[in-house]
Amino acid sequence: GTLALADPTKSGSIAKCFEMMIQTEMLARAKENPSDPDAWAEGWLDGFALVQGVAANARSVTDSAGKIVRDISSGEAAAGICIDFYGFSEASWNRRMSGRPRLVYVMPENGTATTSDPVQLLRGAPHAEVAKAFIDFLLSEDGARILLQKPGTQGGPERHALLRASVRNDMLRKIPKERLSLPDYDPYRLAGAFEYRGEWTGRWFRLIRVLVKCVALDPLDDLRAAQKRIVEAKRRGDDAEASRLEAMVYGPESMPMRCPGIDAEAAREASFLSGSPAESAAARRRWTEIAMKAFRRAAHSAGNRRTAHGSGEGGAQ
């Protein structure tokens, strides 16, 4: 009950974070069995189990990714998921207000990718030449300096550090370190050990954000109840019972589909999301019900086993 999460169907950045978590598990499976070209597909279930485990320990789920860092900063939550800009901005605000940061942003080693913010020129723009000049400026050295440097430094912003990375990764070597607003932060180096495999999850990005909501956030009360039973079993020292419950809650039983990138039936089920509004809504209900039933079975079976054991009626159950 100490983690903060955001709804991935309301936040693209949070959806991307969940996708990265799933990709990390897929990569681990592929490394475990490099001779099997399809081993990565098993990591799909591992990834969603990880997401469900995080959700089971959440105190809140917000519609805004920015609120996660504010909850951590205020002490309402112990940790959460966010992209670098949100974490660094909140830490900077804390330092200005209280003289010390109240949260720290951490990039997971071998589990972080760097992606760019898009910019585009709209067809028929009334001031196309001005727009093109602005895009050129964003990609120039001068544009990079405003993003990267401290306020008041030559070429930097006037009042506030923007705390954003630049697509011009060469600028981290050109700008003196004392001028950088984040002198020890190099997202290109930190993310260099991770190879993003777009063919694994990229085409299923919309499906992932909806599935996370269906199998972790919508049935959150039931997931928490099941997780509570797991924790209770571990506190009693009943590791066998805890393992049994974990298999029910975080195993295939709570997941509506295997990896659609390799499973034809899963791909067919995923296609309902792009069907009519009625088909899409029905698919979401199906997926939520599958997870909810698994969580409730786990919570209910745990309660029955404790009652039977406590009354002396069949301790061998």
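Everything here concerns the structure above.
Figured I'd write up the structure that's included with this text. All of these numbers come straight from a predicted model, not from anything done at the bench.

Let's shift gears to the overall build of the protein chain. The helix and strand tally for the protein chain stands at 14 helices and three strands. Dimensions along the principal axes, computed over C-alpha positions, put the protein chain at roughly 80 × 45 × 40 Å. Relative to its full complement of 317 residues, the protein chain shows a buried share of 40%. The contacts of the protein chain with a sequence gap of at least 6 include a subset with a gap of at least 24, amounting to 66%. Element-wise, carbon and sulfur atoms account for 52% of the exposed surface of the protein chain, whose accessible area totals about 17,300 Å². The averaged location of the 41 negative side-chain charges in the protein chain is 4 Å from the averaged location of its 45 positive side-chain charges.

It is worth spelling out the side chain of Asp 71 at this point. On the secondary structure map, Asp 71 appears in helix H3 (residues 65–73). Look at Asp 71 and you get buried, because its relative accessible area is 7%.

End to end, helix H2 (residues 42–56) covers 22 Å across 15 residues, agreeing with the expected 21 Å (1.5 Å per residue, within 8%). With twelve of its 15 residues buried, H2 lies for the most part within the structure. Along H2, the residues classified as buried are Gly 43, Trp 44, Leu 45, Gly 47, Phe 48, Ala 49, Val 51, Gln 52, Gly 53, Val 54, Ala 55 and Ala 56.

Inspection of the entire model under this criterion finds 25 salt bridges. Note that Lys 16 is salt-bridged to Glu 19, the shortest N-O span being 2.9 Å. With Lys 16 and Glu 19 both in helix H1 (residues 12–32) and three residues apart, the pair spans about one turn of that helix. With a relative accessible area of 0%, Glu 19 lands in the buried category.

Taking 1.5 Å as the rise per residue, helix H10 (residues 205–217) with 13 residues should run 18 Å; its terminal C-alpha atoms sit 17 Å apart, in good agreement. All buried positions along H10 are accounted for by Leu 207, Ile 208, Val 210, Leu 211, Val 212, Cys 214, Val 215, Ala 216 and Leu 217.

On to the sheet that holds strand S2 (residues 58–62). The strands making up a sheet associate through hydrogen bonds between their backbones, and the pairing can be parallel or antiparallel. What the three strands build is an open sheet, ordered S2-S1-S3; its pairing is parallel. The open sheet has two edge strands, S2 and strand S3 (79–80), and neither has a second partner. Of the strand pairs in this sheet, strand S1 (residues 3–6) and S3 are connected by two bridges, and their pairing is parallel. Opposite Leu 3, over in S3, you have Ala 79 as the bridge partner.

Turning our attention to the nonpolar core. Residues Trp 44, Phe 48, Leu 207, Leu 211 and Trp 287 are the most contacted members of the largest nonpolar core, which totals 62 residues. It is H10 that provides the largest number of residues to this core, a total of nine residues. When near neighbours in sequence (up to four residues on either side) are disregarded, Phe 48 contacts Ile 22, Ile 208, Leu 211, Val 212, Val 215 and Met 255.

How each quantity is defined
Residues numbered from 1 in each chain as written. Predicted model: local features only at pLDDT ≥ 70, side-chain atom pairs only at ≥ 80, totals over all residues. Heavy atoms only, no water. Helix = DSSP H or I, 4+ residues; strand = E, 2+ residues; numbered from the N terminus. Buried < 20%, exposed > 50% of the residue type's maximum accessible area, 1.4 Å probe, protein only. Contact = heavy atoms within 4.5 Å. Areas by Shrake-Rupley, 256 points an atom, 1.4 Å probe, with all protein chains shown as cover. Lys, Arg positive; Asp, Glu negative; His and termini not counted. Charge placed at Lys NZ, Arg CZ, Asp CG, Glu CD. Expected span 1.5 Å × (residues − 1). Salt bridge = Lys/Arg side-chain N within 4 Å of Asp/Glu carboxyl O. Pairing = 2+ DSSP bridges. Core = buried A, V, L, I, M, F, W, Y, C linked by side-chain atoms within 4.5 Å.

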